[in-house]
Amino acid sequence: MRHRHLSTLTLALGIAVLLDVLRVWLPSVITLFGRAAETPAELLGAFALGWFLLALAAPALVRRTGAAPVGLVAAVVLAAARLALTAQPGGPAQLWLACAGLLAGLVWLAATAASVPRPVAGLALGMAGNAVGHALLGTEDLVWRGGVLAWSLSALLVPAFLAASVAVRRERADTSAAGPSPTGAGHGTTGRRIRVPGRRAWLLCGPALLLAGQVALAPALWSAAAGTGSPAFPGLARPGSGALPGALAVLLFLAAALFRAPARVARVLWPLALLAGSVLFVTGHLVPAYLLTAAGLGGCLALTDTTGDGPAAADDAAGPGDDGRAGARRGRAAALGMLVFAVATVAYYAAYDLGYPNGWAPVATAVLVALVAATAPLRATPASSGAASPGPVLPTTVRVTVLAGLTALAALGAALHVPPAQARATAAPAAVRVAAYNIRMGFGLDGRLDLDALARELRGADIVLLSEVDRGWWLNGGHDTLALLARRLEMPYVFAPAADPVWGDAVLSRFPARSGQTRRLTAHGAPTGAQALGVTLDLGGRELAVVATHLQPPPGRDPVEQAREVAAFAGRYAAGRPLVLGGDLNTEPADPAFAEFTGAGLVDALAPARPLRTSPADDPRTQIDHVFVSPGLTATEVRAPRTEASDHLPVTLTVTLP
């Protein structure tokens, strides 16, 4: 294998390992350092950004010490952290291991940038490969799975990355021992500004990782987009409907990144596609959003895949030709690009604590990528540079094989993890078991994604009302928590977005869902959006109306206005049918918001067990999770079992039908 091909493989493997660490680090910052809204958003953001600011010193370290030794040491630390996280330590150990892995990964990127002037193929393969692996695992990463599968696959990925890193260092050492290359010296660059090959591509590394993880190459988003999207019945899962679009996203991304379109056409087409996709994402049009973003992002990366148009263009590494200045500039570009990644990520999700519009964050990131790509110089030609026009890093056969293989695996991943089929009608039951649970996006108090623990608390319920359901938030690692939990419970689901298209509330049921409706609630000054989801269930010829919601109070106030809206919506939606309404209502029994429900004629189903404190899970002090029923329904066996699978306790009860 030639040197540049080995570098591409090493970069791809390293990006995949770094993304695995990021999928743990991001939610650990929220659930362990931030304890999910208990820490001020400003402090949480400063902690997160601090690691990326610290990494800005990496290029100077690389220039003083050398890219090869710094890169190898950083690769070892990154790999060790990745393996240690597979042990699922939870708690502070998980947070600090993830922080160490992240910082090592950022230093490794800066060192790699110093010696790799054409990173596009490696970046594209790393991002696509990690996304396909995520899809094959049903969006539940190896570090959260544990067991034989996690250790076996991790033992393949991590040593392969380390072996490739060692091999690259040896080849570069051999090249250095052979003496300066003819292209590295005698360019006559003294006294004039040189164009640094690869700097634009490395600058886009961070923004590309964000747009890929949040939109383009997010298997959880492919899964979330598989609902009907009908206003008459939102969020009903369709088994298998996400397979083809998800595979198509991988195909478009890799085809655009690895195969060059005519430059003058590409620099208009790909930036426009990327911008359109980002706008569609923030407006909730998920399928066209990730398809256009995938094509545009891959194409924009390809526009920067050039060795430049100056004499330094032929230099494949920072060396005698520029005294390491080109490598140092690439390293700074990579570090700055990752800082953009951090700022945009924090800015997008801090809005749910601080209350400002956040749709600009992915759009602004897309604008940055589009501008950098569209203004990239056209590739050098023999006439303009005196050198051969740079060809692709990978041979055509390799690119075609990788493109076909990863696309097929993406389709397989979606086909392997289909949502449970809609239930068949059964004889009318005399009673149903109901559970309402704020699942905190699937993360327990120890900061681990533990869906098995959630499933244990909900198993045996006939109807489940879920709050804080995450279907692909990049800040939480990009998991489809709802689909993963539904498969464990073998219950089909209906989902309704609240804060954004992939975060909201859901109803799972062992009975057929016949219709549904959602109503977005007025914010009334609350930073996070809220909605009310109504679903009609067929209980053997009898209909039961179910309403799931999660009220979001304005700072320092009771959510009385939203409670009034939900009570009115539930009454209209039930239209005289038996009704069950529940969720995290963020109000206590003596508060005005609670009185809105009882004043609307609903019955407090948990009253026989009051006081029934549900939050926080490790020391319950408040009664903010509730279930109401219409008159004529009787609630018994009311419980709030103690568990730390979330920061709330679930409430379970048996509802006897009239």
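The structure under discussion appears in the preceding block.
In this text the structure is predicted, and so the values were computed from the model without any measurement.

Asks: Would you explain the pattern of salt bridges in this entry?
Replies: Evaluation of the coordinates by the stated rule reveals 17 salt bridges. Across the pair D450 and R448 runs a salt bridge whose closest N-O atoms are separated by 3.8 Å. Assessed through its relative accessible area of 15%, R448 is described here as buried. A salt bridge links D604 to R610; its shortest N-O distance comes to 3.1 Å.

Asks: Can you help me understand the packing of helix 2 (residues 41-54) against helix 5 (residues 91-115) in this one?
Replies: Packed helix pairs are characterised by how far apart their axes lie and by the angle those axes make with each other. Relative to each other, helix 2 and helix 5 sit at 35°, their axes nearing to 9 Å. As helix 2 packs across helix 5, the resulting crossing turns out to be right-handed. Within the contact between the two elements, helix 2 uses F47, W51, F52 and L54 and helix 5 uses L95, W96, C99, L102, L103 and L106. Across the contact of helix 2 with helix 5, the residue classes break down as 10 nonpolar, no polar and no charged.

Asks: What is the right way to read the sheet that holds strand 11 (residues 634-639) from this model?
Replies: Strand pairs in the sheet, formed through backbone hydrogen bonds, run parallel or antiparallel to each other. Taking strand neighbours across the sheet as the criterion, the 6 strands line up as 3-4-2-1-12-11 in an open arrangement whose pairing is mixed. Across the chains shown, the open sheet's two edge strands, defined by having one partner strand only, are strand 3 (493-500) and strand 11. For this sheet, the mean inter-axis angle between neighbouring strands, taken without regard to orientation, is 20°. In this sheet, strand 4 (residues 503-509) lies alongside strand 3 in antiparallel orientation, the contact comprising 6 bridges. Among the inter-strand pairings, P497 is bridged to a residue of strand 4, identified as G504. Across the sheet, helix 19 (residues 451-458) is in contact with strand 1 (431-438) and strand 2 (463-470); its angle to strand 1 comes to roughly 145°.

Asks: Would you mind going over the environment of L43 with me for this structure?
Replies: Residue placement: L43 occurs in helix 2. Residue classification places L43 among the partly exposed positions, given a relative accessible area of 46%. It is 9.6 Å that separates the C-alpha atoms of L43 and F33, two residues lying 10 residues apart in sequence.

Asks: Sorry if this is basic, but what is going on with the packing of aromatic side chains here?
Replies: Two aromatic rings are characterised by how far apart their centres lie and by the angle between their planes. Overall, the coordinates contain 18 aromatic pairs when judged by the stated rule. Geometrically, the ring pair formed by F33 and F47 is stacked, given 4.0 Å between the ring centres and 10° between the ring planes. Of this pair, F33 sits in helix 1 (residues 3-33) while F47 sits in helix 2, and the two are 14 residues apart along the sequence. Seen in terms of ring centroids, Y348 and Y352 are 6.2 Å apart; in terms of plane orientation they differ by 85°. Their pairing is edge-to-face. You can see Y348 and its partner Y352 sitting in helix 15 (residues 325-354), 4 residues apart, about one turn around the helix. On the accessibility criterion, Y352 (10% relative accessible area) is buried.

Asks: Explanation requested: the sheet that holds strand 7 (residues 542-550) in the structure shown.
Replies: Spatially, 6 strands are ordered 5-6-7-8-10-9 in an open sheet, and the strand pairing comes out mixed. Unpaired on one side and paired on the other, strand 5 (513-520) and strand 9 (603-604) mark the two borders of the sheet. Alignment of strand 6 (residues 531-539) against strand 7, held across 8 bridges, turns out to be antiparallel. Counterpart to T536 in the pairing with strand 7 is A545. Set on the sheet, helix 21 (residues 560-574) makes contact with strand 5, strand 6, strand 7 and strand 8 (579-584); between it and strand 5 the angle comes to about 150°. Strands in contact with helix 22 (residues 592-599) are strand 8, strand 9 and strand 10 (625-629); relative to strand 10, the strand with the most contacts, it is inclined by about 15°.

Asks: Please explain unusual backbone geometry as it appears in this structure.
Replies: If a residue is not glycine, its phi is most likely negative; likewise, a peptide bond is most likely trans. At the junction of R610 and P611, the peptide bond is cis and its omega measures out at -5° in the coordinates. Mapped onto the secondary structure, P611 falls in the loop between strand 9 and strand 10. Residue P616 follows S615 across a cis peptide bond; omega there is -5°. Counting through the fold element by element, P616 comes out in the loop between strand 9 and strand 10. The phi torsion at Q88 lies on the positive side, around 55°, for a residue other than glycine. Mapping Q88 onto the fold places it in the loop between helix 4 (67-86) and helix 5. On the basis of relative accessibility, which here comes to 17%, the residue Q88 falls in the buried class. Phi is positive for N586, close to 50°, though the residue is something other than glycine.

Reading guide: rules and limits
- In this convention, every chain numbers its residues from 1, walking through the sequence in written order.
- The predicted nature of this model means local features are confined to residues of pLDDT at least 70 and side-chain atom pairs, given and counted, to a pLDDT of 80 or more, with totals for whole chains, interfaces and linings taken over all residues.
- Only heavy atoms go into the side-chain values, all of them from the structure, while hydrogens and water stay out.
- In the sections that follow, a salt bridge refers to a side-chain nitrogen of Lys or Arg positioned within 4 Å of a carboxyl oxygen of Asp or Glu.
- Each residue gets one of three labels from its accessible area relative to the maximum for its type: buried under 20%, exposed over 50%, partly exposed in between, using a 1.4 Å probe on protein chains only.
- In this description, a line fitted to the C-alpha atoms serves as the axis of each element, helices being fitted only across the stretch in contact, and the angle between N-to-C directions of two axes falls anywhere from 0 to 180 degrees.
- Only DSSP runs of H or I covering at least 4 residues are called helices, and only runs of E covering at least 2 are called strands; the numbering of each starts at the N terminus.
- What makes a crossing left-handed is the near helix being turned counterclockwise from the far one by less than a right angle; a clockwise turn instead makes it right-handed.
- We call two residues in contact when some of their heavy atoms are within 4.5 Å.
- Residues are grouped as follows: nonpolar covers Ala, Val, Leu, Ile, Met, Phe, Trp, Tyr, Cys and Pro; charged covers Asp, Glu, Lys and Arg; every other residue, Gly included, is treated as polar.
- Strands are labelled as partners when DSSP assigns at least two bridges between them.
- Aromatic contacts are taken between Phe, Tyr and Trp rings whose centres are within 6.5 Å, Trp giving its six-membered ring; a plane angle under 30 degrees counts as stacked, one over 60 as edge-to-face, and the others as tilted.

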